[in-house]
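# A structural walkthrough
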Amino acid sequence: MTAQQNAPQIVLGTMDHGTRVEQTTAFRLLDRFVEAGGHWLDTANCYAFWTDPSGLGGASERVLGAWLRANPGARSAVGLATKVRQDPLVAHAWPESAEGLSASAVRAGLDGSLERLGVDHVDLLWAHAEDRTVDLGETVAAFGEAVAEGRATRIGAANHASWRVQQARDLARRQGVAAWSALQLRHSLVQPRPGTTVPEAGHKLLSPDDLDHARTEGLDLWCYTPLMMGGYSRADRPFSAGYAHPGTERVLRVLDEVARETGATPNQVVLAWLMSQGISPIVGASRVEQVDEAMAARDVALSPSQLDRFADAR
């Protein structure tokens, strides 16, 4: 088995920056994250068109760019990860006008991201979702070109089937270009009933095959929605219907027990559990206290017996 390239860590998700989270607050969150030793910032060129009155993406990257300009030393301290594929080319017309993953779309999408961020390269460029209207070899070549030109240090695939990722990696080897070396999927401690489709369009849940693939190939694995949009800590944020089954009840009982045993919050235990699996959780925040809570999860050590209890409950 190939070792993962990077140890798992907390990633700050910036999806709502510039829309639900106004710029002044976003700056405080970013400052606190870096002060606490955080490194990776995750965004996308489409964030967040669905809440932006313009109906277009780009707000999150513009806020990050403004923060970088206001903090000249910050660029060397953070890793910038952004995505192309889903940005609508026509306001309020998604998914029909989504940019896709053609060579021209990947290049134009990255051009726009670099301009908004005010940088000459990103540290990780994601393909945000599959685009089966485009030959995969064309997409692979376009991502490889971004690395060859120094406009992206690394590349990865979000919301892709594991076989599709491996096919792309094989194509990259044959083309002699950089290959996707990271995966991003939706995952958390609780699991939906088999066959459940999550209500958010375009989300792909991490499967055991995906986890096996990442571990076998040495791919870094990031997960989004790790805290289930407040479901572990807020009574007014219940899990969706697909999570209503006995397994969830068992897991939540163990979660409460382990939180008491460790003196950590349920959210921190969930994040610590994910990192123990070799997964980097992407955590969004709207308050500095939420950043502090997430970063403190790095100090939560789960014992082998506690991990076994979670495994048995799931």
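- The protein chain is annotated in an unreviewed UniProt entry as Aldo/keto reductase of Cellulosimicrobium funkei.

## Some remarks on the side chain of Q166
- Along the chain, the position of Q166 falls in helix α5 (residues 162-175).
- Overall, the relative accessible area of 16% leaves Q166 in the buried class.
- A distance of 2.7 Å separates the side chain of Q166 from the side chain of H213, its partner in a polar contact.
- Not counting chain neighbours up to four residues away, the residues in contact with Q166 comprise R173, H213 and E217.

## Some points on helix α1 (residues 23-35)
- With 13 residues, α1 ought to run about 18 Å at 1.5 Å a step, and its terminal C-alpha atoms sit 18 Å apart, in line with that.
- Listed in full, the buried residues belonging to α1 are T25, A26, F27, L29, L30 and F33.
- On the buried face of α1, the contacting elements are β1 (11-13), β2 (40-42), α2 (59-70) and α9 (288-296).
- A side-chain oxygen of the first residue of α1 lies 2.9 Å from the backbone nitrogen of T24; this N-cap is E22.
- The first or second residue beyond α1 is G37, which carries a positive phi of 90°.

## Some points on the pairing of strand β7 (residues 220-224)
- Of all five residues that make up β7, five are buried, and the element is covered over most of its length.
- What you see with β7 is no split at all: D220, W222 and Y224 on one side and L221 and C223 on the other are buried throughout.
- Bridge count between strand β6 (residues 182-186) and β7: five bridges; the pairing is parallel. Of the residues in β7, the one forming a bridge with Q184 is W222.

## Focus on the pattern of salt bridges
- Counted under the stated rule, the structure contains 20 salt bridges.
- A salt bridge links R32 to D292, with the nearest nitrogen and oxygen atoms 2.6 Å apart. Here R32, found in helix α1, pairs with D292, found in helix α9; they are 260 residues apart in sequence, far enough to count as distant.
- Under the relative-accessibility criterion, R32 is labelled partly exposed at 30%.
- Judged by relative accessible area, which is 30%, D292 ranks as partly exposed.
- In the salt-bridge network here, residues are joined through shared partners; they are R107, D111, E145, E149 and R151.

## Digging into the packing of helix α7 (residues 246-262) against helix α8 (residues 266-276)
- At a closest axis distance of 9 Å, the pairing of α7 and α8 adopts a crossing angle of 100°. With respect to α8, the axis of α7 lies roughly perpendicular. The residues of α8 that touch α7, namely those facing L255, V258, A259 and T262, are P266, V269 and V270.

What counts and what doesn't
Residues numbered from 1 in each chain as written. Predicted model: local features only at pLDDT ≥ 70, side-chain atom pairs only at ≥ 80, totals over all residues. Heavy atoms only, no water. Helix = DSSP H or I, 4+ residues; strand = E, 2+ residues; numbered from the N terminus. Buried < 20%, exposed > 50% of the residue type's maximum accessible area, 1.4 Å probe, protein only. Polar contact = N/O pair within 3.5 Å; in protein donor to acceptor, adjacent residues only side chain to side chain. Contact = heavy atoms within 4.5 Å. Expected span 1.5 Å × (residues − 1). Pairing = 2+ DSSP bridges. Salt bridge = Lys/Arg side-chain N within 4 Å of Asp/Glu carboxyl O. Axes fitted to C-alpha atoms, helices over the stretch in contact; angles between N-to-C directions. Parallel < 35°, antiparallel > 145°, perpendicular 65-115°, else oblique.

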